[in-house]
Every structure is written in C-alpha cells, then in structure tokens.
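Examination of the molecular architecture
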Amino acid sequence: MISYLFFSGKNNEVKELFSKLSVNSINVNFEVKETVAKISANGKWGALVFSDTVGEIEKRFIINNKGAMAINGPCSSFFKDGVGACDLFDALISEGRDRLFDKLGGAFNLASISLKYGLMGFSDFTGSYPLYEAHKNGVNFLSNSVHMLKYVLNTDVSLTSLSYLIGHSNVFFDETVWSGIRLINPSCFYSAMLGSSSKGECERFNNTIWPIGDSTDGFKHPDDVDWKSLVDVAAENLANFCAKDESIRLSLTGGKDSRLILSIALYAGLKDVITTFTKGPLNSPEIECAKNVAKVAGVKHKAIYPSQTQDARKESDKIWRMLIQSNTRFAGGLCLWDGVSGSVSGLSYDITGFGGELYRGPGGHAKQFKNLEFINDNKTDLLNRWINYHQKIDPLGILTPEMRNFQVESISNWIDKNAHYRLDILPEKFYIENRLTHWNGLLAQQVPGRVKLMPLLSTHIARQTFSLSPLFRNAETTHFNMMKVAAPNLLELPFLNDSWSSLLVDHYGLKQQKQFKSGASPRSIQSWQWDFVEKEKVKIEKYLKEAYSKTEISRIFDVEKVVCFVRKGIYRNVVEVKTVMSCLSIALTMLRITEYPNDKVS
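Report on the accompanying structure.

Each value, and the rule that gives it
Residues numbered from 1 in each chain as written. Predicted model: local features only at pLDDT ≥ 70, side-chain atom pairs only at ≥ 80, totals over all residues. Heavy atoms only, no water. Helix = DSSP H or I, 4+ residues; strand = E, 2+ residues; numbered from the N terminus. Buried < 20%, exposed > 50% of the residue type's maximum accessible area, 1.4 Å probe, protein only. Pairing = 2+ DSSP bridges. Contact = heavy atoms within 4.5 Å. Axes fitted to C-alpha atoms, helices over the stretch in contact; angles between N-to-C directions.

1. Focus on the environment of Lys452
- Inspection of the secondary structure assignment puts Lys452 in strand E17 (residues 450–453).
- Through-space distance from the C-alpha of Lys452 to that of Phe354 is 8.7 Å; in sequence the pair is 98 residues apart.

2. Regarding the pairing of strand E3 (residues 45–51)
- Burial within E3 is extensive, with 7 of its 7 residues counted as buried.
- Side chains Trp45, Ala47, Val49 and Ser51 of E3 all project onto a buried face; the interleaved residues Gly46, Leu48 and Phe50 project onto the opposite face, where all are buried too.
- By the bridge criterion, 7 bridges tie strand E1 (residues 2–9) to E3 in an arrangement that is antiparallel. Bridge pairing in E3 places Ser8 opposite Trp45.
- Summarising the sheet, strand E2 (residues 34–39) and E3 pair through 6 bridges and their orientation is antiparallel. When the bridges of E3 are listed, Thr35 appears paired with Phe50.
- Linking two consecutive strands that pair antiparallel, namely E2 and E3, is a turn of 5 residues; a positive phi of about 75° is found at Gly43 within it.

3. Thoughts on unusual backbone geometry
- Residues other than glycine seldom take positive phi values, yet Asn154 does so here, at roughly 50°.
- Tracing the backbone through its elements, the reader meets Asn154 in the loop between helix H5 (146–153) and helix H6 (159–168).
- Looking at Asn154, the relative accessible area reads 68%, which means it is exposed.
- Of note in this structure, Ser169 is not a glycine but carries a positive phi near 75°.
- Mapping Ser169 onto the fold places it in the loop between H6 and strand E10 (182–183).

4. What about the sheet that holds E1?
- Read across the sheet, 6 strands follow the order E2-E3-E1-E9-E8-E10 without closing on themselves; strand pairing throughout is antiparallel. Each of the sheet's edge strands pairs with one partner strand only, and the pair in question is E2 and E10.
- Direction of pairing for E1 relative to strand E9 (residues 139–143): antiparallel, over a ladder of 5 bridges. Across the sheet, residue Phe6 finds its bridge partner in E9, namely Leu142.
- Here helix H1 (residues 11–20) sits on the sheet in contact with E1, E2, E3 and E9, set at roughly 145° to E1.

Structural data, given as structure tokens:
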C-alpha cells in the first residue's frame, strides 16, 4: 500500500513548499521501501508518494503528460485483468469521475491532477480507506495520511473533535482531531482548480447511493431482486484481488456478517486458501459455533485462546508502549480500545465482513432504530435518537456544557442537512459517515501489511439493498438471500444467540433454527481492557493530571470527576471502560506523547 500527498497552488507557493519538503522528514508510520517526489514543469502541483513494499508505487502511482494519479486500498476492480494505474487514469479522464466512482469495487481512495479536473480526489462510497483535504498559504492538499498533512500544516488539536471520543469513541463528521484537516465525505469528491490559491470544495456525486424522496415510496420485494448478481459482484471483488495460492484469513464469529463473507469466499472458489479463526476464552460458545460452521464449510479453523497472548499483556510497560504507538498510529482519532497491536511485521490478507452492518437495516448497528418507530418521529425525537447513537452520549456525565452543546448542535445540523434523503436510510448514512470512516476506516488503512479485503463494498449491492423496504432490510434479507445463493448449506446452521427473522422463515419456508446460546456474563469473557484500567489506575491518573495542568483538556471534560471514577475502579459495562480509555487517548494526544510503530511489511 502507499501513502501520498498531492498539492496544488500558485507556482511560486508550490515551488517553495516542495523545496522544504523532504521524504526523510515526514513520518508515515511504516518502514518506507520506495519513495517518489515530483513537481510539475510549471510548478503548479507537486506529489510525494511513500510505499511500504517494493513495486507498489509502480502499480499505484502514474505520472504522464496528462497529469498524475495515485490510488490506495484493496480496490478489486483496479486489479482486474492486469489493469494498472495508467489504465485507471485514462478511464478517469475519458469516462469521468462519476462513472469511475460507480465502476470501482472494494475499498480505495484516489487523488489526481489533470487539466480536466484540476486537483481532485474521492474515496469508495463507505470511506473505508479515508481521504483528507487541507488548505494553507494558498496551497490545496489531498492525502490519505493525517500524519503527512499534520506535518505540512504544523497544526494544533481540535478540542471539539476530540470531545466526540468521550461520547462515541471516535470522531464525528468531517473535521478531524487536527485543526484544518478535514475528511472528504464518502459521498463526495473534492476538487480545486489547477494552480489556484483559492480553497478547494467538496461536492456530491450525481450518482450517490442514497435515495432521495419519501419513506412511503414504493419498494422492491426481495423476490424481485436478482440476488445472484449481488453475489457475483461480491465474489468478483474478492477473486480479483486474491491469488489462488495465497493464504487468506477470515475472522469467523457466531454472527451473520462473517458467515456471509465465508459464503462468498466459497462461491469465489477460495475454499482451499482460507483459514478461519475465532478469538475467545476457553469453552467460548462463539468458538464452538464458528468451529461448527467451518467444519460444514470444509475450511480450516483455528481457535485463539487468551493464554496464547496473555504473557505480553501482563507486562504493563509493554502495554503502555503499545497504547502510545496505537494512539500515534491513529493520530489520536480513536479510543484506545484496539490499542495493543503495537508494531506489525509481515503481510497478511484478511477477508472481513466490514460493511455488513450497512445491509442489516436501520437497526443493524444502532438498536434504537430497530423497531422503525423513528420514521414517524418529530425533529426532537429524531435528535434524541442520534445524540445517543450507538451508545449514550456522555456515559460518565463528564463532558463540559460547551462540548455537549457543540455535539448536540452538530447532530441537529446533520439531520437538517440530510432531510431531503429518504428518512428510513438515514441511520445507515449516519453510520457510514460517522462510524465506518472514522473508526473502521482508520483501522483498515493505518495498519500497513494488514490488507483488509471487503467484498461487500459495492454500489450495486448497496443500491439493491436500499431498494427494499426498511422492514425487509431489518430482517437481514440481503444477508439471507446472498447466502442462499452462495452457500445454502450454511443457512440453517445455528448462530450465536441469534436466528433468522420470522419474516424470512415464513416467506421462504426455512426450518426454524436452534441457537448457540451463551450464558456467560460480559465480565466473565472480558478482554484485556478491564484488567488494564483497574491495574494501571495510578498511571492513568498521572497522565490525566498532567494534561490538566499543561493543556486545555479541562475544556473537553471534567478531569477531576474522571480521576475520582478511575480511583474507585468500579466498572459496570464496556462503555464505561471505553470512556476511560478515550480520556486517556485525549490526554496522550494533548500532551504530544508519541511513538511511531515503524511497521515492517516485508
């Protein structure tokens, strides 16, 4: 994969900037194997590209007499039939950006320079490989790396953006943690006139996946959807990227997303190269459930128990180092919940159900939309649902009034701004723009060597799913029917604490399922974070107090209240633990405590 920085403006400004930039001065978070630094003959644009493996720049970056283009991510269509960056750039110029936005499958971001479009860029429709823009001193910037933009802009933190970590564990909306660096909305493209010092703009694609109109508009019945075409698209997304002789991993859980992905992989003919794995404690019902599915599917399965990773987690100094590396890797934009990866080495391909929540209806990712009552809500009731999206906005009651009011007002503005879209799909739209991009997108793009293959990312699958009524979408009709085509023998195997909707069971005459039921309490299957916040309370308190005395952290949350809570060490649920981890992340970010992991891919 690559990290890149494209910039354009008046030639004097660009030339001056280019002369100051050095490929050795920008930390891109991995061991660099190749670099390219280019400036146009007229001095109106420049580009820096960094690669984590040999040969990636040649595949993913093109410069010719028409301009330049870079593409990052496991974009499946990009690898089809030997298509290279040159072919993709030609298609952009000849067919147009709307056509290319529809044509490309899988996860990607793209930046280009051309006479036709100027400085222009966009990501896939979910933002699963995010793209960012910035403007300073008359120069416009596009990059897939917050680190690169942060270095060029020499910017400070955004307190308002950091506040979202308290309420939701990741940033919301377009502003990032670093002032002046903005996420390009995945329904939009960014463009700036070539050589212009005026700030570029983001505009909506004409062919956005989001339907406009009333929620009472006519919907398709599932029997009228060509489900095989959806499976074919997903299988092609996967097969285009995967070599038949490479080992591919799939995290198989007891749920529907990962089983659908397994079904698609089997349909794509990848049975012999897949290894499924499931993490959990001894006697984990999820491992038993997944093992049963893998056996029926005829694929390898590996159970990963805590004892295999426990030694490293007992070493508090090592954990702290990994947390700091993680916070640095994600530029402070995430709760430290996934923070024990540390440096990575080697290359792996993971098939993931990432995006599957998008096709499980309004309630697939936020339970307050499951009963569909929100469709008849007034503005106040809608606002309350989105304020507490995915979790309670301020579970410990620590946000300052300033930040709480900011978040409420921002969410209210989002509802107004999107009022012309069909109301029943707004939960999915909100989920993409404020969860997939800012949480999953960072996890996918900012860990070099861990290539996340996402076969469900397709505008065709999305549009066909959104043609169904919210009732059928909530019934997980897309998952059911795609699995029915791809691997019908996996349909009736039990899920962990779940089953198919009675709506589908009745309609398709499905045999009523049994369930893998778990009687374990959350604390009995707790992960490392619980032990960490209890055993490391003294050091957590130290960082919070230091941030309180040296930074403006108290403008975000009540530090003293958090310190008292940490001292007591009584955690009732995961959300409270996440909140403490988020407070720690904010403190580390504001104190500028960093350590780059220097990942080595090959």
